[in-house]
Amino acid sequence: MAAHSISILITGANRGLGLEMVKQMIETAQPVKNLFACCRDPDGPKSEVKVSTSYLNFLPYIMHRNDACDHDSIKQAAKQVYSVTGAGGLNLLINNAGILFRDNVQTTTPENMQDTFNTNVLAPVLITQEFTPLLRTASKASMIPGMSCRKAAVINISALLASFESVKRTYNFLPALSYRISKASLNMLTVCAAEELKKDGILFAALHPGWVRTDMGGEGGDIDAQESVKGMLAVMTSLSERENGAFLDYQGKTLPW
Ligand code: NDP
């Protein structure tokens, strides 16, 4: 997706959509300069990581199981990234890691609510906070006018299930109460951050990847990870200040809040 050498960080990069993003970014004709593929355990039982190149830096433990709000490890990761990118900063941060419980109002538990909030909301908040200085650096260093993912941007991987408008159509099929609440919060983070940091030239957008056949999406998904990521990378490439704070799907369609 990169038109010129940029630095990118992706969370949840050991499997599913995160890993597919890493693969497609590596295969691009114009490789990225630094690709920070973050995951809590690259050697874990579910990990499908088999990619390794000179520009791929694994930063394990950027987040920890049951403790995605581990502020210290996120600060540590930001320091490590800074030590590699220096004055170039970080151009693109993709908050992709996420979890989903199949709960509803009657079955959810404090643990479900807390774990989902930690992973899907608190972690993106803290990661965005810690990496904002690096994104600001990238924005200042860039000669590109306006806003773009090649300059400085945060993409939050959201979900159609976050859409209030979709509830009547989708709730009975997949309640996922804690997940819906968390992704709606992630969307609010996207809009607030877009407003707060537009003066720094940092673009924020929430992307729905489609219903994808991954561990989370299950076998009945509409599309495979390749198609979803191909679409999302194309959408990211097309983003400008017009889409700052937008909620879009993998085909670039604006979704209702
Ligand atoms: P997967 O379940 O396949 O992968 C989830 C990823 O998130 C894994 O890399 C996992 O790492 C990581 N992760 C989960 N919890 C944590 C944590 N506490 N700390 C660090 N990493 C964590 O899901 P998908 O690839 O399908 O989903 C990716 C994103 O897309 C998610 O945000 C999801 O909500 C969103 N999405 C997916 C849809 C779909 O149909 N698949 C639809 C709409 C949105 P580990 O291996 O360590 O568990």
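Notes on the structure in this doc start here. (Residues numbered from 1 in each chain as written. Predicted model: local features only at pLDDT ≥ 70, side-chain atom pairs only at ≥ 80, totals over all residues.)

With respect to burial, strand 2 (residues 34-39) is a largely interior element, five of its six residues being buried. Note: strand 1 (residues 7-11) against strand 2, five bridges, orientation parallel. Along strand 2, the bridge assignment pairs leucine 9 with phenylalanine 36. (Buried ≥ 20, exposed ≤ 12 C-beta atoms within 10 Å, placed from the backbone. Helix = DSSP H or I, 4+ residues; strand = E, 2+ residues; numbered from the N terminus. Pairing = 2+ DSSP bridges.)

Tracing the backbone shows tyrosine 250 in the segment after strand 7 (246-249). Its 21 C-beta neighbours within 10 Å are what place tyrosine 250 among the buried residues. Placed 211 residues apart in sequence, tyrosine 250 and cysteine 39 show a C-alpha to C-alpha distance of 23 Å. Among residues more than four places away in sequence, those in contact with tyrosine 250 are Leu207, His208, Pro209, Gly210, Ser228, Gly231, Met232 and Val235. (Contact = placed C-beta atoms within 7 Å.)

This paragraph deals with the pairing of strand 5 (residues 153-157). Among the five residues of strand 5, five are classified as buried, and the element is accordingly described as predominantly covered. On strand 5, burial covers both faces: Ala153, Ile155 and Ile157 on one face and Val154 and Asn156 on the other are all buried. Relative to strand 5, strand 4 (residues 92-95) runs parallel, the two being bridged by four bridges. Counterpart to leucine 93 in the pairing with strand 5 is valine 154. As for the winding sense of the linkage, the β-α-β connection from strand 4 through helix 3 (residues 110-141) to strand 5 is right-handed. Relative to strand 6 (residues 203-208), strand 5 runs parallel, the two being bridged by five bridges. (Right-handed = clockwise from strand over helix to strand, strands pointing away.)

With that settled, the discussion passes to the packing of helix 2 (residues 71-85) against helix 3. The interhelical angle for the contact between helix 2 and helix 3, taken along N-to-C directions, is 25°, at an axis separation of 9 Å. One element, helix 2, and the other, helix 3, form an angle in the roughly parallel class. For the element pair helix 2 and helix 3, the recorded crossing hand is right-handed. Residues His71, Ile74, Lys75, Ala78, Val81, Tyr82 and Thr85 of helix 2 touch helix 3, and the partners they reach there are Leu126, Ile127, Glu130, Phe131 and Leu134. Residue composition of the contact of helix 2 with helix 3, grouped by class: eight nonpolar, two polar and two charged. (Axes fitted to C-alpha atoms, helices over the stretch in contact; angles between N-to-C directions. Parallel < 35°, antiparallel > 145°, perpendicular 65-115°, else oblique. Left-handed = near helix turned anticlockwise from the far one by under 90°. Nonpolar A, V, L, I, M, F, W, Y, C, P; charged D, E, K, R; others polar.)

Interhelical geometry of helix 1 (residues 16-27) versus helix 6 (residues 225-238) gives an angle of 65° and a closest axis separation of 9 Å. As helix 1 runs across helix 6, the sense of the crossing is right-handed. Across the interface between the two elements, Gly16, Leu17, Glu20, Met21 and Gln24 of helix 1 pack against Ala225, Gln226, Ser228, Val229, Lys230 and Leu233 of helix 6. Here the contact of helix 1 with helix 6 is composed, by residue class, of five nonpolar, four polar and two charged.

Let us now look at helix 2. For helix 2, spanning 15 residues, the distance from its first C-alpha to its last is 21 Å, which sits close to the expected 21 Å at 1.5 Å a residue. Every buried residue of helix 2 is accounted for by Ile74, Ala77, Ala78, Val81 and Thr85. End-on, the buried residues of helix 2 take up no more than an arc of 100°, which puts them together on one face. Every exposed residue of helix 2 that faces more than 90 degrees away from the buried side is listed here: Asp72, Lys79 and Ser83. In the segment just after helix 2, glycine 86 is the residue with positive phi, at about 50°. (Expected span 1.5 Å × (residues − 1). Arc of directions from axis to C-beta.)

Assignment of secondary structure puts proline 175 in the loop between helix 4 (167-170) and helix 5 (177-197). In the structure, proline 175 is positioned 71 residues away from asparagine 104 in sequence and 5.5 Å away in space, judged by C-alpha atoms. Here proline 175 is in contact with Asp103 and Asn104, once residues within four sequence places are set aside.

Mapped onto the fold, aspartate 200 is located in the loop between helix 5 and strand 6. The exposure class assigned to aspartate 200 is partly exposed, which follows from the 15 C-beta atoms found within 10 Å. If near-sequence neighbours (up to four positions away) are discounted, aspartate 200 is found in contact with Arg136 and Ser139.

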